[in-house]
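Coordinate inspection notes
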Amino acid sequence: MTNVRRHAISRRTFVAAATTALAAPVFIRNAFAQEKFVCKIAHTEGIGTPITNAFDAWAKMLNEKSGGRIDAQHFPAAQLGGLAEALEGSRIGTIQVTTAGPDSEEAIAPEIAAFGGAPGFIYKNEAHVDAVLQGELGQKCSEIARAKTGVEFIAYGETGFRHILAKRPIGSLADLAGLKIRVPQLRIWVDFWTLLGAAPTPLPYSEQYSALSTGIIDAIDSDVFSIVGFKFHEQAKNLTLTGHWFLPKAVRVNVAWLDSLPQDLQDLVRTSAKEAFAEQRKINREKAAATLEELKGLGVQVQQLPAEELAKMESQTAKLYDEFGSKSPETAEMIKAIRALG
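Quick caveat, the model's predicted, so the values are computed rather than measured. (Residues numbered from 1 in each chain as written. Predicted model: local features only at pLDDT ≥ 70, side-chain atom pairs only at ≥ 80, totals over all residues. Heavy atoms only, no water.)

1. Regarding the packing of helix H2 (residues 50-65) against helix H11 (residues 263-297)
We apply this condition: Axis lines are fitted through C-alpha atoms, for helices just across the contact stretch, and the angle between N-to-C directions can take any value from 0 to 180 degrees. A run of DSSP states H or I qualifies as a helix once it reaches four residues; a run of E qualifies as a strand once it reaches two. Both are numbered from the N-terminal end. Note on terminology: angles under 35 degrees are roughly parallel, angles over 145 are roughly antiparallel, angles of 65 to 115 are roughly perpendicular, and the others are oblique. The handedness criterion is simple: a crossing whose near helix is rotated anticlockwise from the far helix by less than a right angle is left-handed, and one whose near helix is rotated clockwise is right-handed. In this analysis, two residues are considered to be in contact whenever any of their non-hydrogen atoms come within 4.5 Å of each other. Just so you know the grouping, Ala, Val, Leu, Ile, Met, Phe, Trp, Tyr, Cys and Pro go in nonpolar, Asp, Glu, Lys and Arg go in charged, and all remaining residues, Gly too, go in polar.
Contact geometry for H2 and H11: axes closest at 9 Å, N-to-C directions at 150°. One element, H2, and the other, H11, form an angle in the roughly antiparallel class. Crossing hand, H2 versus H11: right-handed. Contacts between H2 and H11 pair Pro50, Ile51, Ala54, Phe55, Trp58, Met61, Leu62 and Lys65 from the former with Leu268, Val269, Ser272, Ala273, Glu275, Ala276, Phe277, Gln280, Ile283 and Asn284 from the latter. Considered class by class, the residues forming the contact of H2 with H11 number 13 nonpolar, three polar and two charged.

Structure follows, in C-alpha cells:
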C-alpha cells in the first residue's frame with residue numbers, strides 16, 4: 001500500500017471519528033430533551049365541575065408547553081381510588097398530583113389544617129379567602145406542607161362554600177338534632193357536627209351517594225357543583241344554604257417528582273398551575289348562582305338558613321378554635337393570623 005493511500009485512509013478515519021465526536025453532544029442533548037416525565041393527576045372531584053375542568057385545561061397546558069416532555073394524564077372522579085388513596089399516592093409518589101383541602105393534613109401538620117376551612121366559619125367571604133391563600137400565608141402553608149408531608153401546594157383552587165343537603169328540610173339549628181350527616185374522616189368535623197346536635201358519620205367521599213340511598217346517612221354537606229356532578233340531588237331534595245365551610249383545594253404535587261424535573265419544567269409546573277387555577281376560581285364564583293338555579297330545576301328545594309340561626313351555629317362551635325389551636329403554639333398562631341385577615 002502506498003504512503004499516499006495510507007494517508008488517505010487515515011485522513012478519512014480521522015474525519016469520521018471527529019464527526020462522531022462532534023455529534024455526540026448534540027445526540028446527548030436531543031436525548032435529554034426528549035426525556036419524558038409522566039404526571040398522573042388523580043382526584044375525587046366530579047366530572048364537569050369547574051375544578052375538574054381546570055385540571056383538564058392544566059394537563060393540556062403541561063403537555064403542550066413542555067413540548068411533550070411532560071406526559072400529563074388526568075384521572076378525575078375517583079378513577080384511581082378515593083381521597084385516602086389519592087392523598088397517600090401523592091405523598092409517596094405513585095401519583096404525582098392530587099387535590100384536597102389543606103385540612104387533610106390535620107394529623108401530620110395541624111398548623112395548616114385551618115387553611116382548609118377547619119373548624120368551620122373561619123372564612124368570612126371570598127375576599128377573605130383570597131387574602132389568606134393568595135398572599136404570604138398561602139405561601140407559608142405550602143412551605144410547611146413541603147417540609148412535613150412530601151407534597152408542595154403549588155396553587156389553590158376551590159369548590160366554594162358548603163351547605164347542607166338533606167332528605168328532610170333543615171330550617172333551624174333545632175332541625176339538626178340527630179341528623180345523620182356524612183363527614184370527612186377527620187376528627188375536627190366529627191366534633192363540629194356533634195356540637196350542633198347532629199350525628200356525624202365519617203365516610204369516604206366516594207360512598208356518599210350509596211349511603212344516602214340506603215339510609216346510612218340522612219344528609220351531606222357539599223358545594224353546589226358536586227351535588228350536580230355526583231347527582232346527590234337524586235337521593236336528597238332539600239338544600240339549606242349555610243356557607244359554614246369554605247373548601248379551598250390545594251393542588252398537591254409530590255416533591256420528589258417535582259424536584260426531579262429540569263428547572264425549566266419545574267417552573268412550568270408551578271406557573272401554569274397558578275394560571276389554570278386562577279381561572280378556575282373565577283369560573284367557580286361566576287357559575288355558583290347558575291348551578292343553584294339548575295338544582296332548583298332538578299327538583300331541589302332551596303332555602304337560606306336565617307341569619308340568627310347561622311349566628312347560633314357559629315357561636316355553638318366557636319370553642320373549637322381554642323381546642324384546635326391547642327394542638328400546638330404554631331396552630332394557634334396560624335388560626336389567629338387567618339382570622340385577622342377577615
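2. Focus on the side chain of threonine 149
Stated formally: Here the term buried applies to any residue with accessible area under 20% of the maximum for its type, exposed to any over 50%, and partly exposed to those in between, with areas from a 1.4 Å probe on protein chains only. In protein, a polar contact requires one atom able to donate a hydrogen and another able to accept it; more generally it is a pair of N or O atoms within 3.5 Å, and residues adjacent in sequence count only if both atoms are side-chain atoms.
With respect to the helices, strands and loops of the structure, threonine 149 is situated in helix H6 (residues 136-149). On the basis of relative accessibility, which here comes to 7%, the residue threonine 149 falls in the buried class. At 2.6 Å, the side chain of threonine 149 forms a polar contact with the backbone oxygen of alanine 145. There is a polar contact of 3.3 Å between the side chain of threonine 149 and the backbone nitrogen of valine 151.

3. With respect to the nonpolar core
Generally speaking, soluble globular proteins have nonpolar side chains that are buried together. Note the cut-off: The set of buried Ala, Val, Leu, Ile, Met, Phe, Trp, Tyr and Cys residues whose side-chain atoms join them within 4.5 Å is what this entry labels a nonpolar core.
Phe115, Tyr123, Trp189, Trp193 and Ile338 are the most contacted members of the largest nonpolar core, which totals 48 residues. With five residues, the top contributor of residues to this core is strand S4 (residues 151-166). The contact partners of tyrosine 123, leaving out residues within four places of it in the chain, are Ala114, Phe115, Gly117, His128, Val129, Val132, Leu133, Phe161, Phe246, Pro248 and Ile338. Membership of the second largest hydrophobic core comes to 26 residues, among which are Ala54, Phe55, Val253 and Phe277.

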